[in-house]
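Take a look at the letters that make up each chain.
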Amino acid sequence: MSETFKGAFTQQEPIPEDAIEAALRVLRSGRLHRYNVVEGETAEVSLLEQEFAAAMDVPFALATSSGGSAIATALRAVGVGPGDPVLTNAFTLAPVPGAIASLGAVPVYVGVTEDLVIDLDHLAELAGQGNASVLLLSHMRGHICDMDRLMEICDAAGIRVIEDCAHTMGGAWNGINSGNHGIAACYSTQTYKHMNSGEGGFLTTRDPDLMARAVILSGSYMLYGRHLAAPGPEVFEKVKYGTPNVSGRMDNLRAAILRPQLRRLKDQCARWNDRYRVVEAGLRGTPGLTVIERPEQEHYVGSSIQVLLLDWSDRAVNEVLRRCAARGVELKWFGGAEPTGFTSRYDSWRYAPSDRLPKSDRILKAIVDMRLPLTFSLDDCAMLARIIRAEVGAVWQAGGAGA
Ligand SMILES: *Cc1c(COP(=O)(O)O)cnc(C)c1O
């Protein structure tokens, strides 16, 4: 009898009880707006920012209404404007080029390698052309490139790096937290990321001027004095009249839910990696399927797993997806020509057209992705690997990847 998986790929864990208690306290107070405090009170959002900055090992953090809003804020805060080219990943999720487009700026795509990281040779080539002065680097699906080489390339070309850490919150490269290499980093606390407030995000930086602009951009109504992870008033004095309010704040309810989750982040990341390693081990050696080897310097958070079906025909990939789905295993084909429920391929963002990237197209077409919510047990993960292995094997044997 072939086994069928019963778990739900979109089901995250419940919000912890202490977070629910904290949320109820905020609701009972009625003071949900981050700047609505009584004498002597410090808002949940300000406390969260202080704790998040400490956790990420940076002086400054701003909580935002979403990850996308954090990215757009960071781009604005470094001075990106209409018509400016911004380098970014050809393999990422739609809010990344979307944030660039929201400013009237122009995404310029950098290719992806078989390790699912940004193609540093392509980056060096584009950087050498001297057009772009900002790289919005997306650590897509938690894959961290050689950050030392990336920073060398960007520093040499005078390119400032904004990191999209939506999938690397809790990750690191060579002992340095993901998000601490570039000039600013953006995180998401949307339900499917590493902490869950429904919607939400963070922007972090070590640059006081950048943070002052970001706070004003986020809609601080000149109440920046209430922030605990922002620079002093003298820095705001320099920027406060010249920076618009673009409104993208977090509220106290979300912050209350996130503070207890932040305290558990490390443990949760370890639990994700336990699951990731079980699936990875179960898939290793499957004919026709390429497991992504993770470099030793990369401390990743395995909240999802990707494999490659390199040079398989569309029909064969679809057959694998169909057979897995019939056994309860939800795989996403990031390489599918038509975006369905997600979009992760540069050629689906037609508002920001690009020349073809043939080397990347081959990789993109091959990427199959699976979420690993913490509601799955290690036994569940072993079963997921068995099912995928069996179904990839069945299609491979029946006619091969070209069928
Ligand atoms: C989710 C996500 C974002 C944006 O986060 P939102 O909070 O949904 O706006 C940005 N980049 C990547 C890679 C993401 O997965």
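Look a little higher up for the structure.
The rules we used
- Residues numbered from 1 in each chain as written.
- Predicted model: local features only at pLDDT ≥ 70, side-chain atom pairs only at ≥ 80, totals over all residues.
- Heavy atoms only, no water.
- Helix = DSSP H or I, 4+ residues; strand = E, 2+ residues; numbered from the N terminus.
- Buried < 20%, exposed > 50% of the residue type's maximum accessible area, 1.4 Å probe, protein only.
- Contact = heavy atoms within 4.5 Å.
- Axes fitted to C-alpha atoms, helices over the stretch in contact; angles between N-to-C directions.
- Parallel < 35°, antiparallel > 145°, perpendicular 65-115°, else oblique.
- Left-handed = near helix turned anticlockwise from the far one by under 90°.
- Nonpolar A, V, L, I, M, F, W, Y, C, P; charged D, E, K, R; others polar.
- Pairing = 2+ DSSP bridges.

Okay, the environment of V301 next. Tracing the backbone shows V301 in the loop between β11 (298-299) and β12 (304-308). The exposure class assigned to V301 is buried, which follows from its relative accessible area of 4%. Spatially, the C-alpha atom of V301 lies 9.7 Å from that of K266, the residues being 35 residues apart in sequence. Not counting the four nearest positions on each side in its chain, V301 is found in contact with H167, M169, G170, G171, H194, C269, W272 and N273.

Let's shift gears to the packing of helix α2 (residues 44-56) against helix α9 (residues 252-283). It is at 8 Å that the axes of α2 and α9 come closest, and there the two elements cross at 25°. In terms of orientation, α2 and α9 fall into the roughly parallel class. For the pair α2 and α9, the sense of crossing is left-handed. Here E44, V45, L47, L48, E51, F52, A55 and M56 of α2 lie close against α9, whose contacting residues are N252, A255, A256, L258, R259, L262 and L265. Per-class residue counts for the contact of α2 with α9 are 11 nonpolar, 1 polar and 3 charged.

Two modes of strand pairing occur in sheets, parallel and antiparallel, and in both the strands are linked by backbone hydrogen bonds. Spatial ordering of the open sheet is given by β10-β12-β14-β13, a layout of 4 strands whose pairing is antiparallel. Bordering the open sheet on either side are β10 (290-291) and β13 (332-333), each of which pairs with just one other strand. With 2 bridges joining them, β10 and β12 adopt antiparallel strand pairing. For V291, the partnering residue across the bridge sits in β12 and is V307.

Read across the open sheet, the 3 strands follow the order β7-β6-β11; overall the sheet is antiparallel. Each edge of the open sheet carries a strand with a single partner, namely β7 (176-177) and β11. Sheet topology note: the strand β6 (residues 172-173)/β7 ladder contains 2 bridges and is antiparallel. Paired with W173 across the two strands is I176, which belongs to β7.

Any link to function would need more than the numbers given here.
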